[in-house]
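# Architecture at a glance
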Amino acid sequence: PETINGRLAMLAVATGLAGEYFTGMGLSEQTADHPLVVFASFVIISIATYVPIFKGYTRKEPFANHFLGLNWSPKAENWNGRLAMMGFTGMIFTEAISGVTTMHSLGLQPSSIPSLH
């Protein structure tokens, strides 16, 4: 479960911040406007996580590699996921307590691309 939660949190932080930047909508608005996308992301990441396990792989076999000279290990993935879970929780609290998006609270304004608003 930690692997799935971590992967979902990493995806949520990246897409949540990108969504805030390009649309100006906060996390609650994004989720309300696109609930199927949120649910589909959960399903796809869950399937991608469980398929190797059902095929008999351990955590180390399919994931530990040195792609592009970087050390992609289960331990690194767990730590990145934990940080993303804390970051996503912080984004939710920031929006709930301050009433503004994370990008606005950091002093970053949304993009001025008119086709995305």
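A brief report on the enclosed structure follows. (Residues numbered from 1 in each chain as written. Predicted model: local features only at pLDDT ≥ 70, side-chain atom pairs only at ≥ 80, totals over all residues. Heavy atoms only, no water.)

### Focus: the layout of surface pockets
So the rule is basically this: Using protein atoms alone on a 1 Å grid, points that fit a 1.4 Å probe yet trap it form a cavity, whereas open point sets bounded by protein on both sides within 12 Å along at least five of seven lines form a pocket; residues with an atom within 4 Å of a point count as lining. Grid points are joined across faces, edges and corners, and a volume is the space filled by probe spheres set on the points. A run of DSSP states H or I qualifies as a helix once it reaches four residues; a run of E qualifies as a strand once it reaches two. Both are numbered from the N-terminal end. Charged means Asp, Glu, Lys or Arg here, nonpolar means Ala, Val, Leu, Ile, Met, Phe, Trp, Tyr, Cys or Pro, and polar covers whatever is left, Gly included.
In this model, the largest pocket occupies a volume close to 440 Å³. What lines the largest pocket is a set of 15 residues, and nearest its centre among them are Ala12, Thr15, Gln30, Thr31 and Val38. Residue assignment for the lining of the largest pocket shows that the elements contributing at least two residues are helix H1 (2-23), helix H2 (27-33) and helix H3 (35-54). Considering every element that reaches the lining of the largest pocket, the biggest residue donor is H1, with six residues. Looking at the lining of the largest pocket residue by residue, the class counts come to nine nonpolar, six polar and no charged.

### Thoughts on a nonpolar patch on the surface
Note the cut-off: Each patch is assembled from residues with relative accessible area greater than 30% and no salt bridge, linking like charges that lie within 9 Å and nonpolar side chains (Val, Leu, Ile, Met, Phe, Trp, Tyr) that lie within 5 Å. Throughout, the Shrake-Rupley method with a 1.4 Å probe supplies accessible areas, and for residues the shown protein chains are the sole cover considered. By definition here, a salt bridge exists when the distance from a side-chain nitrogen of Lys or Arg to a carboxyl oxygen of Asp or Glu is within 4 Å. Each residue gets one of three labels from its accessible area relative to the maximum for its type: buried under 20%, exposed over 50%, partly exposed in between, using a 1.4 Å probe on protein chains only.
A surface patch of nonpolar side chains, about 350 Å² in accessible area, is lined by Tyr50, Ile53 and Phe54. On the basis of relative accessibility, which here comes to 46%, the residue Ile53 falls in the partly exposed class.

### Description of the packing of aromatic side chains
Quick note on the threshold: What counts as a ring pair is set by centres within 6.5 Å for rings of Phe, Tyr and Trp (its six-membered ring), and what kind of pair is set by the plane angle: stacked under 30 degrees, edge-to-face over 60, tilted for all other angles.
What the rule picks out here adds up to two aromatic pairs. An angle of 80° between the planes, with centres 5.0 Å apart, marks the rings of Tyr21 and Phe22 as edge-to-face. Residue classification places Tyr21 among the partly exposed residues on the basis of a relative accessible area of 33%. Their ring planes at 25° and their centres at 6.0 Å tell us that Tyr50 and Phe54 sit as a pair that is stacked.

### As for the pattern of salt bridges
If you walk through the whole model with that rule in mind, you get two salt bridges. Between Glu2 and Arg82 there is a salt bridge, with its nearest N and O atoms 2.5 Å apart. Taken together, the residues Glu2 in helix H1 and Arg82 in helix H5 (residues 74-98) connect sequence positions 80 residues apart. One salt bridge connects Glu77 with Arg7, and the closest N-O pair in it is separated by 2.4 Å. One end of the pair, Glu77, is in helix H5; the other, Arg7, is in helix H1, and 70 residues separate them in sequence. Each member of the pair Glu77 and Arg7 is classed as buried.

### Points about the environment of Ala14
Examined against the element boundaries, Ala14 turns out to sit in helix H1. In this structure the C-alpha to C-alpha distance between Ala14 and Ala84, which are 70 residues apart in sequence, comes to 9.1 Å.

Don't take any of this as a statement about function, it's just geometry.
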